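Chain by chain, the residues run as shown.
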Amino acid sequence: MVITSTATHPDEQAQSIFCTFASRYVREPIPRFKIPEKSIPKDAAYQIINDELMLDGTPRLNLASFVTTWMEPECDKLIMTSLNKNYVDMDEYPVTTELQNRCVNIIANLFHAPLNEDETAVGVGTVGSSEAIMLAGLAFKRKWQTKRKAEGKPYDKPNIVTGANVQVCWEKFARYFEVELKEVKLTEGYYVMDPVKAVEMVDENTICVAAILGSTMTGEFEDVKLLNELLTEKNKETGWDTPIHVDAASGGFIAPFLYPDLEWDFRLPLVKSINVSGHKYGLVYPGVGWVVWRSKEDLPDELVFHINYLGSDQPTFTLNFSKGSSQIIAQYYQLIRLGFEGYKNIMETCLENARVLKEGLERTGRFNIISKDIGVPLLAFSLKDSSQHTVFEISDQLRKFGWIVPAYTMPPDAQHIAVLRVVVREDFSCGLAQRLVSDIQKVMKLLDSLPSTISTKTAHVTAITSETSEKVEKSAIETQREIVLYWKRLVDGKKVGAC
C-alpha cells in the first residue's frame, strides 16, 4: 500500500503519513479498562502514550516535590543498561549486590556509625524512605516485644512518639503494623516536634521516638541532640531503654555537608537507626531509599533472611522481593562521582538559590517566611493579608505559568495556618528563582485586580464561634469544604510530600 500526502514540509509529511498509518489500526478510542482486541504498531502505541503524557506537569517546574528530576547523561546510560536486572538475583548479579553494600557503608560512615575499620555497616537499600521506615519500625517493635516477653509483661500495645508534622508513611506503618502513633501537636510559630513534650509522652510501651531531620512542612531540623539528652534522663529514672530513630529522608544528604558539627546522627548514643532518601538530596531518580542501623544488635536477627551466593552469606531485610537495580547503581555513581566536595558544592548552591528566592519574596512585602534558614533548602511562606485572596488561589494561578507550587494547611494544632512551599533542588537555578518571584508578582497583581471570590475564605482557616451568625457559619463551612476538595490531590489536610 502506498500512502500519499499533500504536505510539503518534511515534518508535516512525516506526521501526515504517521496519522494515516495509525488510523488504520486505531479507528476507535483505546478502551480504558480492557486490553485492546488488536495489536497496533509500536510507533502508534508510543505516539498515543506520548501525546497523553504531554499533559503532565514539567518535572523541573514541580516545586512540590523533593524528588530528583535530573542526572548526568553518563548515569542515565548506566540506568538504561541495568533496567533489566532484578536486584534480588544476587547469584546472577553479585557486583550489583556489592555496590549496594558499598553504598550502605558509605552512608553509615557519613552518619558516624561506630564501626571498626574491618567492620561492615548494617543497612539496606529500599524503595524510598517509606519502606526504610517500615523496616526500622519493625526492628524496634520486635526488639521491644522480645524484651517484654522475657520480662513477662504485656506486649500487645506498642506505640511510637513523634511530631504531628511527620510524613504520612509513619501513619502507614502505624496502621499496617498495629502500632499506636502518639503525636506531639504543633503550635503557631513552632512547626516541629517539641522534645520536652515528646519525652513526656514516652511510656513503657514506647518502642522509639521518631525525630525528623527536615520536616516536610517547613524543612526544619528537629533538635535530636536535646531529645537524646532528655530521653537519656528519663531512661535513667524509669529503667527503660527507649531509643531514637531519625527520619532523615530529606536532611540526611544535607546536614553532613552543610552542618557537619550538628549532632543528630549516630554520635548520639540513643540513635539506633536512620533512614534517608537517595532519590531526594541523594540526587538519584526515584525511587531509592536507605536505612542503616547503629550496630548488628539493633536489628533482630529473626527479621533477617540469609541468602547464600557464590559461597558467602548475604543477609537481606526488605518488605518486597523483586526490585530494579538501576537506582542502586545510580546512587553509587553519585557517591563516587561527586564525593564529599561535590555534594557540599551542590547543597551550598541550593541554599544560595533558596536565599535568592527568600529575598525576592521579602521584597514584595506580601509574605511571611515560615521556614528557617538552617534546614532543607526550601521556602515555606504565608500571606500577610489573606482577607481578599488565599495561598490556594496563588497556587492555582501559578499553574498557568507552568509552576507547581503546593498550598496546604499545617498539621494540628496549627491547622489555621496555610502556606505555599517551594523546594529548591539541584535543577532549580538562580535564574528560575528570579523568574518564579517575577511570576508570583504577576499573580499578585492579577489577584489584586479581581474581586474577592469568597468573603469568608481566608488562608487562615479559623474556627467558627457560637456567636457567629448562621449565614456566615454556613458560608465558612462550605468554604472549608471547597478548599479541602480542591486541594485533595496535593494534601490530605495534614501531610504533603513523598518519600
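Under an unreviewed UniProt entry, the protein has the name Glutamate decarboxylase and belongs to Sphenostylis stenocarpa. UniProt's Cofactor (unreviewed entry) comment on the protein is quoted here verbatim: "pyridoxal 5'-phosphate".

Moving on: the pattern of salt bridges. Across all of its chains, the model carries 18 salt bridges by this definition. In this structure, Arg337 and Glu72 form a salt bridge, with 2.8 Å as the shortest nitrogen-oxygen distance. Of this pair, Arg337 sits in helix α10 (residues 326-364) while Glu72 is found in the loop between α2 (42-53) and α3 (73-81), placing the two residues 265 residues apart along the sequence. Given a relative accessible area of 17%, Glu72 falls into the buried group. With a closest N to O distance of 3.6 Å, Lys153 and Glu151 form a salt bridge.

The next point concerns the sheet that holds strand β13 (residues 418-423). Read from one edge to the other, the open sheet built from four strands follows the order β10-β11-β13-β12, with strand pairing classed as antiparallel. Of all strands in the sheet, those bounded by a partner on one side alone are β10 (367-369) and β12 (407-409). Strand-to-strand twist of the sheet, defined as the mean angle between neighbouring strand axes without regard to direction, takes the value 40°. Sheet topology note: the β12/β13 ladder contains three bridges and is antiparallel. When the bridges of β13 are listed, Tyr408 appears paired with Val419.

Here we take up the packing of helix α4 (residues 94-110) against α10. When two helices pack together, their arrangement is given by the angle between the helix axes and the distance between those axes. Contact geometry for α4 and α10: axes closest at 9 Å, N-to-C directions at 45°. Between α4 and α10, the angle is such that the two are oblique. Read as a crossing pair, α4 and α10 show a hand that is left-handed. Listed contacts from α10 to Thr96, Leu99, Gln100, Arg102, Cys103, Ile106 and Leu110 of α4 are Ile328, Ile329, Gln331, Tyr332, Leu335 and Phe340. Counted by class, the contact of α4 with α10 contains nine nonpolar, three polar and one charged residues.

Criteria and thresholds
Residues numbered from 1 in each chain as written. Predicted model: local features only at pLDDT ≥ 70, side-chain atom pairs only at ≥ 80, totals over all residues. Heavy atoms only, no water. UniProt positions renumbered as here; feature names shortened; annotations may be inferred. Salt bridge = Lys/Arg side-chain N within 4 Å of Asp/Glu carboxyl O. Helix = DSSP H or I, 4+ residues; strand = E, 2+ residues; numbered from the N terminus. Buried < 20%, exposed > 50% of the residue type's maximum accessible area, 1.4 Å probe, protein only. Pairing = 2+ DSSP bridges. Axes fitted to C-alpha atoms, helices over the stretch in contact; angles between N-to-C directions. Parallel < 35°, antiparallel > 145°, perpendicular 65-115°, else oblique. Left-handed = near helix turned anticlockwise from the far one by under 90°. Contact = heavy atoms within 4.5 Å. Nonpolar A, V, L, I, M, F, W, Y, C, P; charged D, E, K, R; others polar.

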